[in-house]
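# Inside the fold
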Amino acid sequence: MADAGAESVHCSGAGRGPAQACIDPRRAATIAPMRTTFRPRPAFRFPRQALLLALLAGAAGCSASSRGPVSRELSFDGQTYRVVTLDLKHDPLSLHWRDPVSGDAYGDIETLQQWGEARGQRLLFATNAGIYDRQNAPLGLYVEDGKTRVPLNMAHGNPAAGNFSLLPNGVFAIYPDGHAAVRTSAEFKADAKPVRWSTQSGPMLVIGGQLNPQFVDDSGSLKWRSGVCAKSPTEVVFAVSEVPVNFHGFARLFRDKLGCRDALYLDGSISQIFVEGEGYAGAPAFLVKPYAGIFAVFVPQ
């Protein structure tokens, strides 16, 4: 018999499913509520070694994408120069004279830049390639993408007639294996090796670590001047003076400051260097005349 003083116990859902526990309401208040502790699954831990490798790979990727010509302003013997260093393993240096379709000479860096942009190419670096004749053609050897447009010039002219005849003159060349060199014209001819890109100019500034003996220390012939050397088979250095200088001082820049054993003069008062993001350095714009050949580094846009 049920206790007369007891309250009835109600089981919700009784009779409609599996048996359920019934709780006396008088005891419900004394039963502590159940606490469910949620324990999240441990987060995935990236192995430290793999994380380090990923970071290094990302850094390498950023470094690769930021490669390009290295430009700097440099002071030497009280004169200022713009110096640009190229790594031929990453900076595809080429030569350009005429549009291969129209046959028209580019003539200036801006026109060459526009030609590249129309073909999805961005110009990172450019400078005039060397001395040319009255017909605006290279005065000496000119090879573009393996094709000889002008042959090697071994004529011994009158030095008073122009810098090309101030001997020895020389050749800058990039060979099919991607290696570059500056040689005297006589050495280049003796080698008789095929080249992919090449320009002949003169005079040589530095020959085997020695200044060209034709140069005079206190010469009063002051001009804006540009030149090039290959410090190693894949490191090419271009320089242009920001003020007029003589041959002796310019040659000493390459030998004593830049560490070049062989360096070639490119041209005088018309010379400029273009670097993307920096603009032009070298001769004033009003002195610049059409170029017969232009060094350039293009990359896809």
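Heads up: the structure comes first, above all this text.
Residues numbered from 1 in each chain as written. Predicted model: local features only at pLDDT ≥ 70, side-chain atom pairs only at ≥ 80, totals over all residues. Heavy atoms only, no water.

When helices and strands are counted, the chain shows five helices and 17 strands. The buried share of the chain, reckoned over its 301 residues, is 42%. Of the contacts formed within the chain by residues at least 6 apart in sequence, a portion of 67% connects residues at least 24 apart. As displayed, the chain has an accessible area near 17,200 Å², and 53% of this comes from carbon and sulfur atoms. (Helix = DSSP H or I, 4+ residues; strand = E, 2+ residues; numbered from the N terminus. Buried < 20%, exposed > 50% of the residue type's maximum accessible area, 1.4 Å probe, protein only. Contact = heavy atoms within 4.5 Å. Areas by Shrake-Rupley, 256 points an atom, 1.4 Å probe, with all protein chains shown as cover.)

Once that is clear, we can look at the state of the cysteines. Evaluation of the coordinates by the stated rule reveals one disulfide. Disulfide partner of Cys-229: Cys-260, at an S-S distance of 2.1 Å. One end of the pair, Cys-229, is in strand E12 (residues 226–232); the other, Cys-260, is in the loop between helix H5 (247–257) and strand E14 (263–267), with 31 residues separating them in the sequence. Here Cys-229 matches Cys-260 in class, with each residue buried. (Disulfide = S-S within 2.5 Å.)

With that settled, the discussion passes to the sheet that holds strand E4 (residues 121–128). The strand order across the open sheet formed by five strands is E3-E17-E4-E15-E16, and the pairing between neighbours is antiparallel. Looking along the sheet, the strands with just one partner apiece sit at the ends: strand E3 (93–96) and strand E16 (279–282). Averaged over all pairs of adjacent strands, the angle between strand axes in this sheet comes to 30°, irrespective of strand direction. Sheet topology note: the E3/strand E17 (residues 294–300) ladder contains four bridges and is antiparallel. (Pairing = 2+ DSSP bridges. Axes fitted to C-alpha atoms, helices over the stretch in contact; angles between N-to-C directions.)

This next bit is on the packing of aromatic side chains. Throughout the structure, instances matching the rule amount to 12 aromatic pairs. Taking 5.0 Å as the distance between ring centres and 65° as the angle between the ring planes, the aromatic pair formed by Phe-238 and Phe-295 counts as edge-to-face. Highlighted residues: Phe-238 in strand E13 (residues 235–241) and Phe-295 in strand E17, separated in sequence by 57 residues. Like Phe-295, Phe-238 is buried. On the basis of an interplanar angle of 75° and a centroid distance of 4.7 Å, the ring pair of Phe-247 and Tyr-265 is categorised as edge-to-face. Placement of the pair is Phe-247 in helix H5 and Tyr-265 in strand E14, with a sequence separation of 18 residues. Aromatic ring contacts, followed pair by pair, group Phe-125, Phe-172, Phe-238 and Phe-295 into a single cluster. Cation over ring: Arg-98 sits above Trp-97, and NZ or CZ is 4.1 Å from the ring centre. (Phe/Tyr/Trp six-rings, centres within 6.5 Å; stacked < 30°, edge-to-face > 60°. Lys NZ or Arg CZ within 6 Å of the ring centre and 35° of its normal.)

Honestly, that's just the spatial picture; any functional story needs more than this.
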